Amino acid sequence: MHCVDLEADRGLGAYWENKFCELAAGFHRYFTAHQLGRSSAACAGGPNGRYLLLPDITLWSSLGEHHEVKHKAPTRYGSFGLERYRFKALVQFAELTGQPVYYTIHDHSRAGGRDSTLNRLEDWVAAEVSVLKGQQEERPAPSWVNGQHRCVPVCYWRKELFTPLAEHFAASALFSENSTWSAL
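In short, a report on the structure. (Residues numbered from 1 in each chain as written. Predicted model: local features only at pLDDT ≥ 70, side-chain atom pairs only at ≥ 80, totals over all residues. Heavy atoms only, no water.)

Things to note about the nonpolar core
Working step 1: Counting residues in each nonpolar core, the largest one holds 21 residues, and the members touching the most others are Phe87, Tyr103, Val129, Leu132, Trp157 and Phe162.
Working step 2: At the level of elements, strand 6 (79-83), helix 2 (84-97), strand 7 (101-107), strand 8 (124-128), helix 4 (129-132) and strand 10 (148-158) are the ones that each hand at least two residues to this core.
Working step 3: At five residues, the largest contribution of residues to this core is made by helix 2.
Working step 4: Counting residues in each nonpolar core, the second largest holds 14 residues, with Trp16, Leu59, Val69 and Phe169 among its members. (Core = buried A, V, L, I, M, F, W, Y, C linked by side-chain atoms within 4.5 Å. Buried < 20%, exposed > 50% of the residue type's maximum accessible area, 1.4 Å probe, protein only. Helix = DSSP H or I, 4+ residues; strand = E, 2+ residues; numbered from the N terminus.)

Some words on the pattern of salt bridges
A side chain with one charge can pair with a side chain of the opposite charge if their charged atoms come near.
Working step 1: Under the definition given, this model contains eight salt bridges.
Working step 2: With a closest N to O distance of 2.8 Å, arginine 86 and glutamate 68 form a salt bridge. Residue arginine 86 is found in helix 2, and its partner glutamate 68 is found in strand 5 (residues 65-72); the two are separated by 18 residues along the sequence. Of the two residues, arginine 86 and glutamate 68, neither departs from the other in class, the shared state being buried.
Working step 3: The closest approach of N and O atoms between aspartate 107 and arginine 110, which form a salt bridge, is 3.4 Å.
Working step 4: Among the charged side chains, a network of salt bridges with common partners joins Glu68, Lys70 and Arg86. (Salt bridge = Lys/Arg side-chain N within 4 Å of Asp/Glu carboxyl O.)

See the structure below:
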């Protein structure tokens, strides 16, 4: 059950963000984990005092790649959810930067449950927010927002819209045996 203990939920989130970074490093990716060690959302400052919420993790490549990482299982209806305000921020970030942003999930129903620490690539799925945009259903659900337990609008997507992270990593390999990087 979520939304019971804020610190425990943050700790679990941080654990899985770290595990995602370990997987990314195993695929020769460099990363910045924006959210780790923070008690509030990571953001970039902008004009007129405005700010832009950042995705959890940036993988550095020529185009850039950003991931919002969650540890969850599909709902009983076979969907994954994310707070509407958070999804809108991810879409805004993708549109502003012109870079891909992914909603990336460690599906703990495949890994032995919410408390499992098993980190297998085959338990991870991802979907680009541009693919998810317009495909969501919305309904209210409990969540943590600014450290407060609240009922907020949540977007839900069919789990079939998500593809294995392994396919994504393989398709967008940054360094290969034939790259100029490996020759340096």
